[in-house]
Amino acid sequence: MRLRPLAATAAVVLGLLLPAAAALAADLTGRPEQGGLVVGRTEPGARVSLDGRPVRVDPQGRFVIGFNRDHPPAAELAEEFPDGRRTVTALTVAPRQWDIQRIDGLPPQKVTPDPKLQERIREENARIAAVRKSDRPDPDLFGGFVAPVQGETRISGVFGSQRILNGEARSPHSGTDYAAPEGTPVVATGPGKVSLAEDDLFFTGKTVMIDHGFGLQSVYAHLSRFDVSVGQRVEPGQVIGAIGATGRATGPHLHFGLSWFDERLDPETALPLLFRVGE
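I will try to describe carefully the structure that is included in this document. This one's a predicted model, so the numbers in the text were calculated from it and none came from an experiment.

### Remarks on the sheet that holds strand E3 (residues 37-41)
Then, number 1: Across the sheet, three strands lie side by side as E2-E3-E6; this open sheet has antiparallel pairing. The outermost strands of the open sheet, each flanked by one partner alone, are strand E2 (27-29) and strand E6 (62-66). The mean angle between the axes of side-by-side strands here comes to 25°, regardless of whether they run parallel or antiparallel.
Then, number 2: With three bridges connecting them, E2 and E3 associate as antiparallel partners. Within the sheet, the bridge partner assigned to Asp-27 lies in E3 and is Arg-41.
Then, number 3: Sitting on the sheet, helix H4 (residues 267-277) is in contact with E2 and E3, with an inclination near 30° to E3.

So, in structure tokens, the structure goes:
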């Protein structure tokens with residue numbers, strides 16, 4: 001458990017951000033690391049791909065790429081320029097060490113669901129996966145971000161930690177948990193459109209997702225209420241709901257996540273970078 005202002009977290013993490021190597025055609029800000037987000041700028045009109053996956057580039061040459069928790073140690077960034085030149089750069093993806101978090105006292109059905117609940121979970125996961133495929137061209141992610149809960153926040157769960165639930169190993173944690181009293185306002189971290197607003201997902205309860213464009217999405221889970229609907233435009237700092245304990249939760253908190261398509265990102269490193277992009 002750690003108690004710290006989010007602004008202080010941002011300052012610490014920003015000190016770790018590394019500039020791109022001189023050999024790169026693109027300028028990169030951020031660390032290529034497991035769970036990391038990187039913001040790039042290339043020549044306007046260039047095409048970019050990461051490990052063969054096309055990456056959206058805005059008219060100014062800006063793009064983002066992300067690396068999941070278990071990304072292998074190497075990645076390949078390719079750029080194709082309007083004049084026919086092509087650059088391929090090998091990126092080293094830094095490994096990280098992950099915490100182990102034990103949570104006991106959960107209802108058995110929340111840890112080992114019966115076959116009927118497992119079918120429900122598969123259907124819910126498929127809906128969420130479909131939302132994450134969005135590659136909306138609006139470059140909202142470059143418009144500036146804020147913390148999802150304002151003020152001093154107690155972090156009760158960290159990204160990437162191996163979850164041991166009632167003594168049984170389960171999937172690693174995919175976001176950051178902010179513990180606060182039920183009813184504490186939750187705000188949109190950045191500009192975008194609401195891509196999902198579900199009242200009762202099995203694991204995450206009342207859940208909202210916001211599409212920030214270019215494959216970047218934020219998720220707000222275990223809410224006690226939400227005040228937005230799918231397709232609605234939201235702005236940074238706009239109240240979208242309140243902290244709760246719905247779904248699989250042992251107490252009131254916000255589970256906050258970020259993803260680049262299906263790559264889950266570490267909010268504690270990605271958010272400070274997004275704070276900086278909008279400055």
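### Details of the environment of Gly-241
Then, number 1: By the element assignment, Gly-241 lies in strand E19 (residues 239-243).
Then, number 2: As for Gly-241 and Val-208, which are separated by 33 residues in sequence, their C-alpha atoms are 8.7 Å apart.
Then, number 3: Gly-241 has contacts with Thr-184, Pro-185, Val-186, Arg-225, Phe-226 and Asp-227, leaving out every residue within four places of it along the chain.

Definitions and cut-offs
- Residues numbered from 1 in each chain as written.
- Predicted model: local features only at pLDDT ≥ 70, side-chain atom pairs only at ≥ 80, totals over all residues.
- Heavy atoms only, no water.
- Pairing = 2+ DSSP bridges.
- Helix = DSSP H or I, 4+ residues; strand = E, 2+ residues; numbered from the N terminus.
- Axes fitted to C-alpha atoms, helices over the stretch in contact; angles between N-to-C directions.
- Contact = heavy atoms within 4.5 Å.

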